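Residues per chain, in single letters:
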Amino acid sequence: MSEGLPKFTLKYASLTLYFGSYAIHGLERGLKGCERVLVATGKRSAKESGALDEALSLLAKLGVSYEVFDGITPNPWASQADSMAQRAWAFGADAILAIGGGSVIDAAKAAAMVAVSGGRAADYVYGRRRAKGWLPVYAVNITHGTGTEVDRYSVLTVEETGEKRGFISTYPAASVDDPRYTLTLPRSQTVYTALDAFYHAYESATQPGSSPFTEMLSRETVRLLRAWLPRAVGNLRDLEARYWLLYASMLAGIAIDLNGTHVVHTVEHVLSAMNPKLAHGCGLALLGPRAAYYIHKISPRASAAVLAALDPTIKPVPEDAEKAEKAIKEFQRLVGFEEKLSDYGFTESDLLKIAEKSGNPLGLKTPEILDIIKHSF
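To start, this report covers the structure provided alongside it. None of these values were measured; they are calculated from a predicted model. (Residues numbered from 1 in each chain as written. Predicted model: local features only at pLDDT ≥ 70, side-chain atom pairs only at ≥ 80, totals over all residues. Heavy atoms only, no water.)

So, on to the nonpolar core. In terms of nonpolar packing, the biggest core is built from 77 residues, with Phe198, Val263 and Ile373 touching the most fellow members. If near-sequence neighbours (up to four positions away) are discounted, Val263 is found in contact with Glu203, Ala291, Ile295, Pro361, Leu362, Leu364, Ile369 and Ile372. Of all hydrophobic cores here, the second largest spans 33 residues; its members include Ala85, Ala110, Ala115 and Phe167. (Core = buried A, V, L, I, M, F, W, Y, C linked by side-chain atoms within 4.5 Å. Buried < 20%, exposed > 50% of the residue type's maximum accessible area, 1.4 Å probe, protein only. Contact = heavy atoms within 4.5 Å.)

Okay, here's the thing in structure tokens:
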């Protein structure tokens, strides 16, 4: 039942977010002026969630012609964004309607630039080209993890270099967060995507120069995740739990839009570029607890503030770094996360290669990066 769960409209930066059950009707204002729309999806999740059928019904009601592009996979390649851009250009699309999680929406935002400004997605990943314009992107988000429906970033892997990188693309023109579309997430993805939101909150708040506003968003994100993720794992059809996890993910998306991420995301990008079958949120959770040990030493005040919902006894002093690590590890165990990096074919012989590709995020030295990776086995 959705009674008592508020529907609302949020204006942030240049986008409008429609939040709540059946919020997709908020897209009518933007889409009704379109003649042709390219609908971007993955292979199954948009259909299984019910979001695709409702979106196509809306387009039919508005008399908008559409084509469906379903060539986006998890941890998307830059070439997939290029293919989407080519399809949008050939179709004469006025806009892209992206229905999916972070992979689909990220690729759509990149394709929107390529379709209008030319070049290849890799040009924008590496900053070799700047967008002079882009197709408007309308995003229907179906996970409670990435926050990409409210931020200006995309993450793509470039085939030629094997690098997975985040870069500034564009905000959606309007987005939809409807908790009904997250009810079909399996238990594993429920945990992975929510932990993605957790690390968005934790990293953005502990970023050097982060603001009290970001810290406030991050504290509330973690409070909500601690309260509602165990409940969602216990009952995957709990709409109220999904609502608040989706809300937490949205807050964390704004937090990273303001202050970005650092060591956990940087190293994870190396891992999932090497093995695209590693789910992004899973990779973060593998690395995160030990990374928190070093993060707390560098930013003890912000770390303690954000982790208070997990363990209020953590003090804002470097000496409590082990307590920070333990609190996150125990939270992940509470929601059933017990995976190891070796489950994905990595061996300790990969350690140095991963560390070298990761660089020195947050000023950590190579031995410290190696220690973080080693603890994920």
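With that out of the way, let us pick up the packing of aromatic side chains. Tallied over the entire structure, the rule returns twelve aromatic pairs. The interplanar angle of 85° and the centroid separation of 6.2 Å between the aromatic rings of Phe8 and Tyr247 together place this pair among those described as edge-to-face. Of the two residues, Phe8 sits in strand β1 (residues 8-12) while Tyr247 sits in helix α9 (residues 239-259), which places them 239 residues apart along the sequence. Classification of Phe8 as partly exposed rests on a relative accessible area of 25%. On the basis of relative accessibility, which here comes to 22%, the residue Tyr247 falls in the partly exposed class. Taking 4.9 Å as the distance between ring centres and 90° as the angle between the ring planes, the aromatic pair formed by Phe198 and Tyr199 counts as edge-to-face. Across the pair, Tyr199 and Phe198 agree in class, each one buried. (Phe/Tyr/Trp six-rings, centres within 6.5 Å; stacked < 30°, edge-to-face > 60°. Helix = DSSP H or I, 4+ residues; strand = E, 2+ residues; numbered from the N terminus.)

As a further point, take the sheet that holds strand β6 (residues 137-141). By definition, the strands of a sheet pair up through backbone hydrogen bonds, in either a parallel or an antiparallel sense. One open sheet accounts for seven strands, arranged β1-β2-β9-β6-β5-β3-β4; its pairing is mixed. In this open sheet, the two edge strands, each paired with only one partner strand, are β1 and β4 (65-69). Within the sheet, the average angular offset between the axes of one strand and its neighbour, ignoring direction, is 20°. With five bridges connecting them, β1 and strand β2 (residues 15-19) associate as antiparallel partners. Bridging from a neighbouring strand, Lys11 pairs with Thr16 of β2. In the packing of helix α3 (residues 51-62) onto the sheet, the strands contacted are β3 (36-40), β4, β5 (95-100) and β6, and the crossing angle to β5 comes to about 155°. (Pairing = 2+ DSSP bridges. Axes fitted to C-alpha atoms, helices over the stretch in contact; angles between N-to-C directions.)

Backbone geometry follows two general trends: most residues other than glycine have a negative phi, and most peptide bonds adopt the trans configuration. One non-glycine residue, Ala13, adopts positive backbone phi at about 50°. Mapped onto the elements of the fold, Ala13 is located in the loop between β1 and β2. By relative accessible area, which is 53% here, Ala13 ends up exposed. At Leu362, a position not held by glycine, the phi torsion is positive, near 60°. Inspection of the secondary structure puts Leu362 in the loop between α14 (351-358) and α15 (366-374).

Right, let's talk about the pairing of β6 for a bit. Taken across its five residues, β6 has five buried, putting it largely inside the fold. Here β6 shows a buried face lined by Val137, Ala139 and Asn141 and a second buried face lined by Tyr138 and Val140. Taken together, the five bridges between β5 and β6 define a ladder with parallel strand orientation. By the bridge assignment, Ala98 is partnered in β6 with Ala139. In this structure, β6 lies alongside strand β9 (residues 174-177), joined through four bridges in parallel fashion. Of the residues in β9, the one forming a bridge with Val140 is Val176.

It is worth spelling out helix α11 (residues 280-298) at this point. Along its length, α11 reaches its greatest deviation from straightness, about 50°, at Gly288, and the proline Pro289 lies no more than four positions downstream. Counted residue by residue, α11 has 16 buried out of 19 residues, so it is predominantly covered. (Bend = angle between axes of the 7 residues up to and from the residue.)

Burial along β9 is two-sided: the face carrying Ala174 and Val176 and the face carrying Ser175 and Asp177 are both buried. Note: β2 against β9, four bridges, orientation parallel. The residue of β9 that forms the bridge with Phe19 is Asp177.

The relative placement of two packed helices is expressed as an angle between their axes plus a distance between the axes. One way to put it is that helix α4 (residues 78-91) packs onto helix α5 (residues 102-117) with a least axis distance of 8 Å and a crossing angle of 55°. Judged by the angle between their axes, α4 and α5 are oblique. The way α4 lies across α5 gives a crossing that is right-handed. Contacts between α4 and α5 involve Ala81, Asp82, Met84, Ala85, Ala88 and Trp89 on the former and, on the latter, Val104, Ala107, Ala108, Ala110, Ala111, Val114 and Ala115. For the contact of α4 with α5, a count of residues per class yields twelve nonpolar, no polar and one charged. (Parallel < 35°, antiparallel > 145°, perpendicular 65-115°, else oblique. Left-handed = near helix turned anticlockwise from the far one by under 90°. Nonpolar A, V, L, I, M, F, W, Y, C, P; charged D, E, K, R; others polar.)

This structure, assessed with the given rule, holds 20 salt bridges. A salt bridge links Lys47 to Asp53, with the nearest nitrogen and oxygen atoms 2.9 Å apart. For Glu220, the salt bridge goes to Arg223, with nearest N and O atoms at 2.8 Å. Placement of the pair is Glu220 and Arg223 together in helix α8 (residues 212-234), with a separation of three residues, close to one helical turn. (Salt bridge = Lys/Arg side-chain N within 4 Å of Asp/Glu carboxyl O.)

The grouping of Phe213, Met216 and Leu258 at the surface amounts to a nonpolar patch, some 270 Å² of accessible area in total. Residue placement: Met216 occurs in helix α8. Met216 sits in the partly exposed class, given a relative accessible area of 41%. (Patch = residues over 30% accessible without salt bridge, like charges linked within 9 Å, V, L, I, M, F, W, Y side chains within 5 Å. Areas by Shrake-Rupley, 256 points an atom, 1.4 Å probe, with all protein chains shown as cover.)

Our focus in this paragraph is the environment of Arg219. Mapped onto the elements, Arg219 comes out in helix α8. Accessibility expressed as a relative area gives 36% for Arg219, which makes it partly exposed. Here the alpha-carbon distance between Arg219 and Leu251, two residues 32 residues apart in the chain, equals 9.8 Å.

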